[in-house]
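# Architecture at a glance
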Amino acid sequence: MILKTLVAFAAFTQSALAAPYPHGTTSLVHARAANSTACPGYTATNIDVTDSGLTADLTLAGTACNAYSEDIKDLKLVVEHQTDDRLHVKIYDAGLNVFQVQEEILPRPANNKTASTGAAVSFNITASPFAFKVIRNSNGEVIFDTTGTPLIFEKQYVRLRTNLPQDPNLYGLGEHSDSFRFHTKGYRRSLLNAESINIPNNANLYGSHPVYFDHRGEKGTHAVFLVNSSPMNIDIDQDDAGSQYLEYNAIGGIIDLYFMAGPGPADVSKQYADIVGYSAMYPYWTLGFHQCKYGYWDVNMVAEVVANYSTAGIPLEVMWTDIDYMDARQDFTLDPDRFPLAKMQELVSTLHSRDQRYVLILDPGVHAFEEVAAYKSGHDADIFLKAADGTDLLGVQWPGAVAWPDWFHPNAQKWWTDEVLSFFDADSGVNIDGIWVDMNEASNFCQDTTCKPREKAIADGIPPKPANAPRPNTGRPIPGFPADFQPNSTKRDLGIRQDSGQMKGFPDREWFKPAYTVNNHVGGLSDLTIWFNTSNYDGTHLYDTHNFYGHMMAMTTQKSMSTRRPELRPFVLTRSTWAGTGRKVAHWFGDNASDWEHYRTTIRQMLSFVSMHQMPLVGSDVCGFNGNTNENLCARWAMLGAFQPFYRNHAEISTIQQEFYQWPSVAEAAKKAIDARYKLLDYIYTALHYQTTTGAPMINPLFFLYPTDTNTFGIQDQWFYGDALLISPVTTDYSDTVTYYLPNATFYNYWTHEKVPGTGANVTESGLSTADIPVHIRGGTIIPMRADSANTTKALRTRDFTVLVAPAEDGSASGRLYLDEGEKIDQPDVSEIEFVFKDGKFAASGSFGYAGNGEESITVAKVLVLGQDQAGAVGEFNASTSTIEVGGPWKLDGEFEFQL
């Protein structure tokens, strides 16, 4: 019998026990043992109901099936209505031996003990065989239903299946390069962090985010988050009867589910932020344009690229250097010949004098030789993971044989911070502005446990010696840099390309080849990473904690940067992520390829990470990382990347140079793209601020703003930047045509200000050059923007504002602007300004605490009202664009208004 509400548990009796589960089958049988469908499931007893939840004992209902390991007989069930919109359901072993994700990794949200009678969802249970449903109370929609498939809970295998409606709209479950909306038959998402060259499809990639969004149009949107870091397969399929389901298949951990009730998509995103944490606010400058390449030969070449951007008239905010700067690719070292300390200090001081920034890379593997200072200090502090014999566990990364930091070790944070403080000391070291952590899945060049790291490093010639001696200088200075910076070739003036028991997990498991197989595109479960039998300091094993090893490195680095410059917002970029990584750090989508499919993929990945995984500052390697790009692709990507949160051009060492100035058409596209991005930077910064404070995503899939428009549910090549700008790039290879969807609403062409009625149909535009990208302003919004662009974000802040009003059909519009100093953590004086246009009246209100620093502008020079039929009482009417321009100035230090 199904008990319809929590209150009904009071009437529960043993007579409610029913017959054993029926069982279903799956088309993904290749990873499942034949006897898994014969498992008995569990029976719920000792059910204790409270106003806000329940607890129960779960006991194996029959003979253990031991499908892939030993069944655990006794479980506990805890159900908590934590808030009106959040339900927590936890099933764990009574003996507390199975691994549970530590609070330090994911601090749990508070349980507010909301009364179940007023909650958005109800939890309904069947006692025998144990099953449960989660139901939306407003309309009776069943959003999670385990009926019909027995729960399996074993030492090395956990299965939980939920029934779904036909043709569900499912999203999330990053990181992947697949369709934004999942296929619903025969589809598998594998969560196992791994090195992922060329980001393959249908594969596990760099991050694991076990949360999915289920959008049901008018019936509402919800999400389900499984707090389980063990490698797993999540299958979305239909059984032989055609019934739709989603099924978790994990090789460890517990069932720890959070249900977010929405009801709108953006509501769900905010509710997920309540669980995993709100993003940190990043410095204003991080939204500028960044340049990097693996293979910048020496410090002169780095300076040369910076100068080339200036000469080409393309703004550059941040310069990066890959592992090239290191001595033999060792962390916390400089190549004494190619990147000597004195020249590096001169480089950074010159960049800073130009109001530009500098970022360097670090990897987790520390070269395991006593002569390496970072290794010696780490070894002395005993912070490295250990082999069975107690020695430092070794692997192979770029410098050769490396030791791996144990981020759980109580001395690890201090050791890493000390290295960061010493090497990046503002006076005696390299005064960087941010740190990039890479290879932190962790990627290991050793294939499997038969590898002998020191022998492999020698055999593979790691690290390789430079192929050539440093190239001779020409004697010509590099523009904008001191005289001792000289280009390496007379043909590189512009760099122009020439034609070239304590919830720690059972100790006696099969670590490498458990009976249930989780798909891993690089090979076996533990291949090319740190061996899964390795113990952490706290007694847990990499088997359970592997998926957040990179997360821990990133968080440790962020804390080190906070210690280094405690008054400033730190900037850390990480490759490997887990649920909640976005609380502190940014992410790029890894080692993609210079091809059109990966150009399109970056849109899908951005949509998932920003709107569903609460990681707002994300982006791809613009123009592609692996393989040679080409002029047409790079130009299109320069345009697309400018309308994503993180904007960096980056390429691999063996590829051609792909800086934006290499081709005339790419330079043209980049200038237009960066000009538009920088004018919109305060709009973007405002959107970032509100994601960090309210969880409202700064990138929105179309269905987030049009949740009942079924045409939007599968759109994955368009997006809203904030809530006002609809971006619709050309996505067909080498095409000048794009077909995009305009919902049934009023829009305006961003570039021309022309009014464009949306009819809920596709629109095709042709003849688009590589410097063109369709951008539309959604009617009903107001966009604050700078009147002019600039070469740096510091200079940009001296420009006056233009406020763009795009009325909806009813003539109204609204928008907001957030202003602060841009980099400090403590922001005592900020402005949060609301703009409203209604009945022909424009008004600015809110808080006006930020006064600028004396050089910055907080002045609105003019207001443009689009879509007007004729001139109003004030302002200049432009008949060709149907726009009224009202001149100011108005200083943003108090309220102001005017009537058209």
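To be clear, the structure that these remarks concern was listed above.
Here goes a summary of the coordinates provided.

Analysis parameters
Residues numbered from 1 in each chain as written. Predicted model: local features only at pLDDT ≥ 70, side-chain atom pairs only at ≥ 80, totals over all residues. Heavy atoms only, no water. Helix = DSSP H or I, 4+ residues; strand = E, 2+ residues; numbered from the N terminus. Buried < 20%, exposed > 50% of the residue type's maximum accessible area, 1.4 Å probe, protein only. Polar contact = N/O pair within 3.5 Å; in protein donor to acceptor, adjacent residues only side chain to side chain. Contact = heavy atoms within 4.5 Å. Disulfide = S-S within 2.5 Å. Pairing = 2+ DSSP bridges. Axes fitted to C-alpha atoms, helices over the stretch in contact; angles between N-to-C directions.

## Points about the side chain of Asp 591
With respect to the helices and strands, Asp 591 occurs in the loop between β27 (586-588) and α9 (596-612). Asp 591 gets classed as buried once you look at its relative accessible area, which sits at 9%. A distance of 3.3 Å separates the side chain of Asp 591 from the side chain of Arg 575, its partner in a polar contact. Not counting the four nearest positions on each side in its chain, Asp 591 is found in contact with Glu 195, Ser 196, Ile 197, Asn 198, Ile 199, Tyr 206, Arg 575, Phe 625 and Asn 626.

## Quick look at the state of the cysteines
This model, assessed by the stated rule, comprises three disulfides. In this model Cys 39 forms its disulfide with Cys 65; the gap between the sulfur atoms is 1.8 Å. The sign of the 80 degrees torsion about the S-S bond sets the Cys 39-Cys 65 disulfide as right-handed. One end of the pair, Cys 39, is in the segment before β1 (42-50); the other, Cys 65, is in the loop between β2 (53-60) and β3 (74-81), with 26 residues separating them in the sequence. Exposure class is identical for Cys 39 and Cys 65. Each is buried. Here Cys 446 is linked by a disulfide to Cys 451, with a sulfur-sulfur distance of 2.0 Å. Disulfide Cys 446-Cys 451: the torsion about the S-S bond is -45 degrees, which places it as left-handed. Described in terms of the sequence order of its bonded cysteines, the disulfide pattern of the protein chain is 1-2, 3-4, 5-6. Considering cysteine sulfurs only, Cys 623 is the nearest to Cys 292, which forms no disulfide, with 13 Å between them.

## Side note on the sheet that holds strand β6 (residues 131-136)
Taken together, three strands build an open sheet; the order of strands is β5-β6-β7 and the sheet is antiparallel. Two strands in the sheet have a free side with no partner beyond their single neighbour: β5 (121-126) and β7 (142-145). The mean inter-strand angle of the sheet, taken between neighbouring strand axes irrespective of direction, is 15 degrees. Note that β5 and β6 share six bridges and pair antiparallel. Among the inter-strand pairings, Val 121 is bridged to a residue of β6, identified as Arg 136.

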